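# Remarks on the overall topology
Listed below are the residues making up each chain.
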Amino acid sequence: MKNRGPAYILAALVLVALIWHIVNPPQPPPPGPMGTPPHWSTMVKVGEMGPWQVNPSGTMWAGAWNEKAKDGKLRSAVWVVDFENSKSKHWLLDSRSPVVGLSWADDNSVRVVTPAKLLNVEMTSIDANSDAPGKPKLLKDAVTQIAAWPQASKDMITAMGPQVSLTSDTGKTIGKDVSLKVAKNVRYGGNSAISPDGSQFVVSVIEDKVGSEMTYYLADTKTGASKRIFSSKDLPGRVSGLWVSPAGVLVVCSERDKFDRLICGPDGKLTPIKAKDKLDTSAWSDAPKNMKFVSYNAGYDFRLSDGRTRKLFDLKKLGRNDDQWRREVQDGRLYPRKDGDYTSVSFAAGAIDIRIIAKDGSKSTKLMPRS
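A brief structural summary. The structure displayed is predicted, hence computed values, not measured ones. (Residues numbered from 1 in each chain as written. Predicted model: local features only at pLDDT ≥ 70, side-chain atom pairs only at ≥ 80, totals over all residues. Heavy atoms only, no water.)

Take the overall build of the chain next. The helix and strand tally for the chain stands at 2 helices and 29 strands. With respect to the three principal axes, the spread of C-alpha positions in the chain is 95 × 55 × 35 Å. Scored against the burial criterion, the 371 residues of the chain give a buried share of 47%. In the chain, 42% of the contacts between residues at least 6 apart in sequence involve partners at least 24 apart. (Helix = DSSP H or I, 4+ residues; strand = E, 2+ residues; numbered from the N terminus. Buried < 20%, exposed > 50% of the residue type's maximum accessible area, 1.4 Å probe, protein only. Contact = heavy atoms within 4.5 Å.)

Here you go:
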């Protein structure tokens, strides 16, 4: 009997631990990539990735993941990756709704939109340096999708089926609503543009399940009119930049190691601009002077004013061991780092890939890899 005392104590401790575990079950992992940085993959995740965006200065990335649990409840989380400090952080949202829109208000503040009751939406602001998200703010307009929300813009393109509107971050409709001649269950793509004066905007409509085929529409907020301007089949590559003004729609397309500029004028005619031909970009004041890309073969700096391409680094001389990461970064964008290297951001197969590429292209360091 004396030897049974320790056994009774052990059994009691196990029982207490079991009761504690039942009363206080462990929290499920947040929606987002599984694992510990940098030993994780955006292909192995909880939930599905939603909208994402790089901040205006190209130093941080923000993305949302939405998860529908077995009990039917929805969970959402926003992740931020700090390029310079090689750190990541996430915030769980209290809305119990999927994130349908995301945009950087400035270099340090992210705004997200989630559905609320009666088809209204709520906007939540997140300070990248804070430990908790701000309180949700109800927007007035009823919407089903956020068709577009450019970085550092107070205005977004909201949609209620085929009806699209330019909406401020307070929920106010700017100008007139626009009805597109598309299906009621239309899905909007990520390529879009809003003119600096808010008089026009361009939205893309997804035409296939994969999302590779898109049709583009030009909307006029003054008159409420709209028209189809072109489709992805009319372009020489994937859309990497899109800007709109009364002068027309300026498009930059990229395809492997080739980059093209096109203008869709007020008459609706799509005109390619020959390489090295001068272009007055002042009509599109929100367009950048340069864009940096990475392909399987090299990194490039592309200048909009004359279409000139400068090679930043060459990847062709790398060995067989570098083949995998070169495939992951191809068709991505490059963002300069303080130390002279580059951060690459590539999106493919519904997953993001973020890593550091040395300024001479000799090596790659994972931040949030796809594999």
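A few words on the sheet that holds strand β18 (residues 226-231). Pairing is antiparallel in the open sheet, where 4 strands are placed in the order β15-β16-β17-β18. Of all the strands in the sheet, just β15 (193-194) and β18 have a single pairing partner and so form its edges. Of the pairings in the sheet, the one linking strand β16 (residues 200-206) to strand β17 (residues 214-220) comprises 7 bridges and is antiparallel in character. Paired with valine 202 across the bridge in β17 is leucine 218. (Pairing = 2+ DSSP bridges.)

Mapped onto the fold, proline 133 is located in the loop between β9 (121-127) and β10 (137-138). The class for proline 133 is partly exposed, based on a relative accessible area of 25%. As for proline 133 and valine 110, which are separated by 23 residues in sequence, their C-alpha atoms are 9.5 Å apart. The residues contacting proline 133, other than those within four sequence positions of it, are Trp91, Leu92, Leu93, Thr124, Ser125 and Ile126.

The strand order across the open sheet formed by 4 strands is β3-β4-β5-β6, and the pairing between neighbours is antiparallel. Each edge of the open sheet is held by one strand with a lone partner, namely β3 (48-54) and β6 (87-92). Within the sheet, the average angular offset between the axes of one strand and its neighbour, ignoring direction, is 20 degrees. Summarising the sheet, strand β5 (residues 74-82) and β6 pair through 6 bridges and their orientation is antiparallel. Of the residues in β6, the one forming a bridge with valine 81 is serine 88. (Axes fitted to C-alpha atoms, helices over the stretch in contact; angles between N-to-C directions.)

A few words now on the side chain of serine 204. Tracing the backbone through its elements, the reader meets serine 204 in strand β16. Engagement of the side chain of serine 204 in a polar contact is seen with the backbone oxygen of asparagine 191, the distance being 2.7 Å. (Polar contact = N/O pair within 3.5 Å; in protein donor to acceptor, adjacent residues only side chain to side chain.)

This part takes up the pairing of strand β26 (residues 332-336). With 2 bridges connecting them, strand β23 (residues 290-294) and β26 associate as antiparallel partners. Following the sheet pairing, phenylalanine 293 is matched in β26 by arginine 333. Sheet topology note: the β26/strand β27 (residues 342-348) ladder contains 4 bridges and is antiparallel. Paired with tyrosine 335 across the strands is threonine 343, a residue of β27.

Let's shift gears to the environment of aspartate 208. Relative to the assigned elements, aspartate 208 resides in the loop between β16 and β17. Linking aspartate 208 and arginine 261, residues 53 residues apart in sequence, is a C-alpha distance of 25 Å. In contact with aspartate 208, other than residues within four places in its own chain, are Arg187 and Glu213. One polar contact links the side chain of aspartate 208 to the main-chain amide nitrogen of glutamate 213, over a distance of 3.2 Å.

Turning our eyes to something else, we now look at the side chain of arginine 261. For arginine 261, the location among the structural elements is in strand β21 (residues 258-264). Buried within the structure, arginine 261 lacks any salt-bridge partner; its nearest side chain of opposite charge belongs to aspartate 306, at an N-O separation of 5.9 Å. A distance of 3.5 Å separates a polar side-chain atom of arginine 261 from the backbone oxygen of aspartate 306. (Lys, Arg positive; Asp, Glu negative; His and termini not counted. Salt bridge = Lys/Arg side-chain N within 4 Å of Asp/Glu carboxyl O.)

What follows deals with the packing of aromatic side chains. Per the counting criterion, the structure on display carries 10 aromatic pairs. Summarising the aromatic geometry, the rings of tryptophan 52 and phenylalanine 347 are spaced 5.8 Å apart at their centres and angled 35 degrees between planes, so their arrangement reads as tilted. Of the two residues, tryptophan 52 is situated in strand β3 and phenylalanine 347 in strand β27; the sequence distance between them amounts to 295 residues. On the basis of relative accessibility, which here comes to 43%, the residue phenylalanine 347 falls in the partly exposed class. (Phe/Tyr/Trp six-rings, centres within 6.5 Å; stacked < 30°, edge-to-face > 60°.)

The full count for this structure, using the stated rule, is 15 salt bridges. Residue aspartate 353 pairs with arginine 355 through a salt bridge whose shortest N-O separation is 2.7 Å. Neither residue differs from the other here; aspartate 353 and arginine 355 are each classed as buried. Salt bridges linked by common partners bring Arg238, Glu255 and Asp331 together as one network.

So, about the pairing of strand β12 (residues 155-160). For β12, a buried count of 5 out of 6 residues is recorded, marking the element as mostly surrounded by other parts of the structure. As consecutive antiparallel partners, strand β11 (residues 145-148) and β12 are separated by 6 residues, and within that stretch alanine 152 has a phi angle of approximately 60 degrees, a positive value. Bridge analysis of β12 against strand β13 (residues 163-168) gives 6 bridges, and the strand direction is antiparallel. Following the sheet pairing, alanine 159 is matched in β13 by valine 164.

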